[in-house]
Amino acid sequence: MNKENQALFVDDEESIIDGIQRLFIKEHYGVAATIDIEHARKILNQENIKVVICDHRMPVMLGVKFLQEVKMNHPDVVRILFTGYADFPMVEEAINQGEIYRFISKPWKTTELLATVRQAIAHYDLVEENKGLFAETKRRQDELEISNKKLVDMYKLQREFTSTVSHELRTPLASIKIAIDLVCKRMAGEINHEQEEVLGRAQKSVEHLQRLVSDILDLTKIESGKMQMDFKIQGINEVIDEVVYAQQDVAKSRGLYLKAELDKDLSQVPFDKDRIIQVLNNLVSNAIKFTQHGGITIKTENKPANNHIIVNITDTGKGIAEQDFPKLFQKFQQLESAEKNEKGGTGLGLAICKEIILRHGGKIAVESTLGKGTTFSFVLPIQERRMPFRT
């Protein structure tokens, strides 16, 4: 069975060449051997040689010069030099310049020569394997970058599309709502009870669509970094009092309490009042919707040592099942309402809350026990630490 030549020996002594061929006959790889530099060049060009072992004192060209040539024309081939003790200064220079991988002294030890060539072949194979792995990694990285760019472009296109459509829907929805209002108020003539009920349902649907359009536009602006925030250092307790006052009647109409337990020593923090009111209104409205008995408590805590304040909105409602946790803060995800098992809202409220809090340099979280209630918490930093927003 012919073995592929992987090592090439070049020496001007025929006896050494014969000895080399006998020495390596049991190796798993083939060995080519020649006394002629020109013949060696042809072998290198024609065969897949991994290692060249050349005697330094060749008659036509010194071994170091030949190995320099090999390095230039076949840079991946491992180069080894046969040399005598008198050539050590030259060998050291050749190693430093990278012309040779290592050297073998004459006369050589059989075990050393065999081991050196095996190591050189293994070194070549490892380098080639690493090059292949690098090339494959580079290819996959390029593919991933292309895929990521496509995803980013698609996301931008989708965001622009939803924003454009939402803007275009605003005017006709407003016109439809006005028209329904006029009919319901008998401005266009009398209507009967059945017609009024149908128009009432249409009116609620239009209002739902208007909220959806508004939420989509808000989320699109936040995600694209186009929503302007007016950050001022102020107290959040006063804002919570405003929200409690505004939502009190809604809670009472459902037989629920809505109260605030506010830390009087709460630090002032930088925040956009309108956007934090939006967050609080959303969380309180959700708590009211999912609570049948008891009520909702808004609590603040000062944590100056941790550079933040905490706002908790706790209800005594039905709680959230563990399998529903992944839905929270995701776009267009809704949990079933406690009342009549109906769905409500646009499915964007919590996603908007999360984005607003993130823009404030804070974070939002939830804890819930099924059948016992839910607490939504968000933290705001006392010392401003918002990072530049990136789309």
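How each quantity is defined
Residues numbered from 1 in each chain as written. Predicted model: local features only at pLDDT ≥ 70, side-chain atom pairs only at ≥ 80, totals over all residues. Heavy atoms only, no water. Buried < 20%, exposed > 50% of the residue type's maximum accessible area, 1.4 Å probe, protein only. Helix = DSSP H or I, 4+ residues; strand = E, 2+ residues; numbered from the N terminus. Pairing = 2+ DSSP bridges. Axes fitted to C-alpha atoms, helices over the stretch in contact; angles between N-to-C directions. Contact = heavy atoms within 4.5 Å. Salt bridge = Lys/Arg side-chain N within 4 Å of Asp/Glu carboxyl O.

Q: When you look at helix α9 (residues 349–359) in this model, what are you seeing that I'm missing?
A: Within an α-helix, residues lying three or four positions from one another point in the same direction, as the helix has 3.6 residues per turn. Of all eleven residues making up α9, nine are buried, and the element is well covered by its neighbours. The set of residues buried in α9 consists of G349, L350, A351, I352, C353, E355, I356, I357 and R359. Taken from the residues just after α9, G361 is the one with a positive phi, measuring 80°.

Q: Explanation requested: the sheet that holds strand β1 (residues 5–10) in the structure shown.
A: Hydrogen bonds between backbone atoms are what pair the strands of a sheet, whose relative direction is either parallel or antiparallel. The strand order across the open sheet formed by five strands is β2-β1-β3-β4-β5, and the pairing between neighbours is parallel. Either end of the sheet is taken by a strand with one partner, and the two such strands are β2 (30–34) and β5 (102–105). Mean inter-strand twist for the sheet, computed between neighbouring axes without regard to direction, equals 20°. On the sheet, helix α1 (residues 14–23) packs against β1 and β2 and is oriented at approximately 175° with respect to β2. Of the strands in this sheet, β1, β2 and β3 (51–55) touch helix α2 (residues 37–46), which is tilted by about 165° from β1.

Q: I tried to follow the pattern of salt bridges on my own but got confused; where do I start?
A: In a structure, side chains of opposite charge can pair up when their charged atoms sit close to one another. Here the structure, examined in full by the defined rule, presents 20 salt bridges. K50 is the salt-bridge partner of D125, the closest N and O atoms lying 2.7 Å from each other. Placement of the pair is D125 in helix α5 (residues 110–184) and K50 in the loop between α2 and β3, with a sequence separation of 75 residues. In this structure K50 comes out as buried when scored by relative accessible area, which is 11%. Salt-bridge contacts for K327 lead to D324; the nearest nitrogen and oxygen are separated by 3.4 Å. Accessibility expressed as a relative area gives 32% for K327, which makes it partly exposed.

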